[in-house]
Amino acid sequence: TKITDVLNGMAYQHQDKSVDQYLFSVKTLKKYLDKEGIDDEISNLNGELLNKFQQSLVGEDKAIKTISTYIRNLKTLINYANKDKSLNIKIDITELEILKDKRKKEEKKSKQVPLSEDQLVTIYNLQYLTGREEEARDLFICQSLLGQRISDMPKIFKGDYITNHHEDGLETISFNVQKTGEEATLFLFPIAKEIIQKYRDKKFKHFNLFETDEKKITNIERMINAVLKNVCKKAGLTSEINY
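Let me sum up the structure you'll find in this document. (Residues numbered from 1 in each chain as written. Predicted model: local features only at pLDDT ≥ 70, side-chain atom pairs only at ≥ 80, totals over all residues. Heavy atoms only, no water.)

1. Considering the overall build of the chain
Convention followed: Strands here are runs of E lasting at least two residues and helices are runs of H or I lasting at least four, both read from the DSSP assignment and numbered beginning at the N terminus. Accessibility here uses a 1.4 Å probe with only protein chains present; expressed as a share of the type maximum, an area under 20% marks a residue as buried, one over 50% as exposed, and anything in between as partly exposed. Contact criterion: two residues are considered in contact whenever any of their non-hydrogen atoms come within 4.5 Å of each other.
Within the chain, the secondary structure is distributed over 10 helices and 3 strands. Element order for the chain, N to C, with α for helix and β for strand: α-α-α-α-α-α-α-α-β-β-β-α-α. Counting across all 243 residues of the chain, residues that qualify as buried make up 38%. Once local pairs closer than 6 in sequence are excluded, the contacts in the chain between residues at least 24 apart make up 62%.

This is how it looks when you write it as structure tokens:
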């Protein structure tokens, strides 16, 4: 019996979270198994294996929060499998020790810095990106220039705002912010305008910004952040900083 078959089966059977989160965690584990040459057999799945899997993710410079999410998702699926009498299996994960971020709040914030204008331009001018990377990059650049939460971006990309033209040639847009309901007025920088128009015409293919299910929205945001890390690496932003 394969590890992936059992865990994916549990993911589809128990959708108390977004099933995509479960499936992505299993997919990430499978990549590790393939990389290390470990057979995808349920007999190989235990706490020791998951501990080694965690350490491999640390070596890939993934955030502790992200790693713990993967492991907690896998642990949940394993618990489901152990309780499923039709499977008749017992996966021992007593040795599993989920990593914890022991940094103080101040230490976490100390590595958070804003990108410079030159860095944003470098990211925007990147070429040879995958379709997924291009969409995540464009969304990030647009958010950075407009200073808005991702929850307000669907409204902006749909054109659900009022455009104001000024004598100096500048344009601003006004709309009601989703979280507070208050009106926001933003400068429509040329690059932001270009990106908005780009997706007004061709839409987003890889990230459904118009999703309304909160759990799926959280999963989409996590996916976008993961893709953005790869984009930043391609732009040469490889330091241990949360931009």
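After presenting the structure, the write-up continues.
2. As for the nonpolar core
For soluble globular proteins, nonpolar side chains are generally found buried alongside one another. Here is the rule we go by: To qualify as a nonpolar core, a set must consist of buried Ala, Val, Leu, Ile, Met, Phe, Trp, Tyr and Cys residues joined through side-chain atoms within 4.5 Å.
One finds Ile 123, Cys 142, Leu 146, Phe 157, Ile 196 and Ile 224 to be the most contacted residues of the largest nonpolar core, which totals 39 residues. Listing elements by their share of this core, those giving two or more residues are helix H6 (117–124), helix H7 (131–146), helix H8 (153–157), strand E2 (171–176), strand E3 (183–187), helix H9 (190–202) and helix H10 (214–234). In terms of residue count, H10 provides more of this core than any other element does, 7 residues in total. Setting aside its immediate chain neighbours within four residues, Cys 142 contacts Met 153, Phe 157, Ala 192, Ile 195 and Ile 196.

3. As for unusual backbone geometry
Phi at Asn 88 takes a positive value of approximately 55 degrees, unusual for a residue other than glycine. Note that Asn 88 resides in the loop between helix H4 (64–83) and helix H5 (105–110). Judged by its relative accessible area of 70%, Asn 88 is exposed. Located in the positive-phi region is Tyr 128, a residue other than glycine, with phi close to 60 degrees. Here Tyr 128 lies in the loop between H6 and H7. Residue Tyr 128 is classed as exposed on the basis of its relative accessible area of 78%.

4. Here's the deal with helix H2 (residues 19–36)
Selection rule: Given the number of residues in a helix, its expected span is that number minus one, multiplied by 1.5 Å.
The end-to-end C-alpha separation of H2 is 26 Å, in line with the 26 Å expected for 18 residues at 1.5 Å each. Summarising the contacts, the buried residues of H2 are in contact with helix H1 (3–13), helix H3 (47–59), H4 and H10. Just downstream of H2 lies Gly 37, where phi reads positive at about 70 degrees.

5. Considering the pattern of salt bridges
Side chains bearing opposite charge may pair, as long as their charged atoms lie close to each other. What counts here: When a carboxyl oxygen of Asp or Glu lies within 4 Å of a side-chain nitrogen of Lys or Arg, that pair is called a salt bridge.
Tallied over the entire structure, the rule returns 7 salt bridges. Taking the shortest distance from any N to any O, the salt bridge between Asp 34 and Lys 30 comes out at 2.8 Å. Placement of the pair is Asp 34 and Lys 30 together in helix H2, with a separation of 4 residues, close to one helical turn. For Lys 198, the salt bridge is made with Glu 134, and the minimal N-O distance between the two is 2.5 Å. Of the two residues, Lys 198 sits in helix H9 while Glu 134 sits in helix H7, which places them 64 residues apart along the sequence. With a relative accessible area of 27%, Lys 198 lands in the partly exposed category. A cluster of three or more residues bridged by salt bridges with shared partners is formed by Glu 134, Arg 137, Asp 138 and Lys 198.

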